Amino acid sequence: LPEHQQRLNNFIRHVPQGSNAQTIEYTLVRLDGSQLIVETSAELIHNPEGEPARLVFITRDITERKQAEADALALAVQQERVNVLTAFIQNASHEFRTPLAIIGSSTYLMQKSNEPDKQLYHTRKIEEQVNRITRLVDQLLEIALLDSGQPISLAPTNLADLIRRVISGVQPHIDRKQLTLELDLAANVPLVKVDVEQLQSALLHLLDNAIRYTASHGSLGINLYQQDSQVVIEVCDTGVGISDLAMPHIFERFWRHDDPRNTPGFGLGLSLVQKIAAAHHGSVSVESTPGSGSIFR
């Protein structure tokens, strides 16, 4: 190929300067237009007086070997995809089973009861689990969209305004637990090109975790500032914190450190946050002290 010609010329030119055998791979084009990959080894041979005597070149057709390597890599990648998909389906199925079981038992008990209060109780349990399944489906669709690699829609955005909109959506939950919320939103932060819907989703997941794992009368904080060429959003809490054992796993999908029966959630939120940050060419990090709280940045 023409783009390989200069590499081959440079290789031949510099062989006499080396002391050991050298090798290069490049592509040749046959007269019929088909291609083959070859490997050329070159070695400088010296005479008994130690002076350069001749160059020896050996060229091998390695097309089949390279194709076999490519096929093996493709097979390994495909197998890894199958493994990931299988694990994902197993985990997702597990998350569906619990609410479906509750819906089934509540439906049965509601049919068996003639008492309006009990029927209303079971109706509300069914509604709660339907909402739970809806949230799970929404998160799975969000993950699928992020995994697809589709380009996100970026628009210059005032992050302070975006943060305030997100807070307004969770304010009832903050008030219910009587949490103190402190905002420190720097006024000089420039507009940032973001996908508004996705970034709002990431902040909602972080705030949801902060509220969930912070005891009543605790504190939450959101900071916005510019650091060098980056804009930083921090979500802080005085909650239970994250143990050293859990820290390496918190961004894994469906990973739960606590008992899923005691705390709502699917173990998908932080994974989504990480994917959204990466889609914006950013990152997410965490500092945490067990018993004292966490800072997601």
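Everything below is about the structure shown above.
The following paragraphs examine the structure supplied in this document. Since the model is a prediction, treat every value here as computed from it, not as a measurement.

What follows concerns the overall build of the chain. Scanning the chain for helices and strands turns up 6 helices and 10 strands. The buried share of the chain, reckoned over its 297 residues, is 32%. Working note: accessible area of the chain is about 18600 Å², and carbon and sulfur atoms make up 53% of it.

Attention now moves to the packing of helix H5 (residues 196–212) against helix H6 (residues 269–279). The N-to-C vectors of H5 and H6 enclose an angle of 145°; their axes lie 9 Å apart at closest approach. Here H5 runs over H6; the crossing is left-handed. Residues Gln198, Leu199, Ser201, Ala202, His205, Leu206 and Asn209 of H5 pack against Gly269, Leu270, Leu272, Val273, Ile276 and Ala279 of H6. Taken together, the residues of the contact of H5 with H6 sort by class into 8 nonpolar, 5 polar and no charged.

Pairing within the open sheet is mixed, and its 5 strands lie in the order E5-E7-E8-E10-E9. Sheet topology places strand E5 (180–185) and strand E9 (286–289) at the edges, where each strand pairs with a single neighbour. Neighbouring strand axes in the sheet, compared pairwise and without regard to direction, differ in orientation by 10° on average. For E9 and strand E10 (residues 293–296), the ladder comprises 4 bridges, and the chain directions are antiparallel. Its bridge partner lying in E10, Thr289 is registered against Gly293. Packed onto the sheet, H5 meets strand E7 (219–227), strand E8 (230–237) and E10 and runs at close to 25° relative to E8.

Once that is clear, we can look at a nonpolar patch on the surface. There is a patch of nonpolar side chains on the surface, built from Ile12, Leu55 and Phe57 and spanning about 230 Å² of accessible area. For Leu55, a relative accessible area of 33% corresponds to the partly exposed category.

For the rest of this paragraph, the subject is the nonpolar core. In terms of nonpolar packing, the biggest core is built from 43 residues, with Ile163, Leu224 and Phe296 touching the most fellow members. Contributing elements (two or more residues each) for this core: helix H3 (116–147), helix H4 (159–176), H5, E7, E8 and H6. In contact with Ile163, not counting residues within four places along its chain, are Leu185, Leu203, Ile222, Leu224 and Ile233. Among the nonpolar cores identified, the runner-up in size contains 7 residues, and Leu8, Phe11, Ile24 and Tyr26 belong to it.

Turning our eyes to something else, we now look at the environment of Val284. With respect to the helices and strands, the residue Val284 is situated in the loop between H6 and E9. By relative accessible area, Val284 is classed as buried at 17%. The contacts of Val284, once residues within four sequence positions are left out, are Phe251, Val273, Gln274, Ala277, Phe296 and Arg297.

Inspection of the secondary structure assignment puts Ser106 in helix H2 (residues 63–112). Of the residues examined, Ser106 reaches a relative accessible area of 1% and is grouped as buried. In this structure Ser106 touches His122, Lys125 and Ile126, once residues within four positions along its chain are discounted.

Take the layout of surface pockets next. In this structure, the second largest pocket encloses a volume near 640 Å³. Forming the boundary of the second largest pocket are 25 residues, of which Val231, Val232, Ile233, Gly282 and Ser283 lie nearest the centre. Going through the elements one at a time, strand E6 (192–194), H5, E8 and H6 are the ones with two or more residues in the lining of the second largest pocket. Of the residues contributing to the lining of the second largest pocket, the split by class is 15 nonpolar, 8 polar and 2 charged.

Cut-offs and rules
- Residues numbered from 1 in each chain as written.
- Predicted model: local features only at pLDDT ≥ 70, side-chain atom pairs only at ≥ 80, totals over all residues.
- Heavy atoms only, no water.
- Helix = DSSP H or I, 4+ residues; strand = E, 2+ residues; numbered from the N terminus.
- Buried < 20%, exposed > 50% of the residue type's maximum accessible area, 1.4 Å probe, protein only.
- Areas by Shrake-Rupley, 256 points an atom, 1.4 Å probe, with all protein chains shown as cover.
- Axes fitted to C-alpha atoms, helices over the stretch in contact; angles between N-to-C directions.
- Left-handed = near helix turned anticlockwise from the far one by under 90°.
- Contact = heavy atoms within 4.5 Å.
- Nonpolar A, V, L, I, M, F, W, Y, C, P; charged D, E, K, R; others polar.
- Pairing = 2+ DSSP bridges.
- Patch = residues over 30% accessible without salt bridge, like charges linked within 9 Å, V, L, I, M, F, W, Y side chains within 5 Å.
- Salt bridge = Lys/Arg side-chain N within 4 Å of Asp/Glu carboxyl O.
- Core = buried A, V, L, I, M, F, W, Y, C linked by side-chain atoms within 4.5 Å.
- 1 Å grid on protein atoms, 1.4 Å probe; cavity = no way out; pocket = protein on both sides within 12 Å on 5 of 7 lines; lining within 4 Å.
- Points joined across faces, edges and corners; volume = space filled by probe spheres on them.

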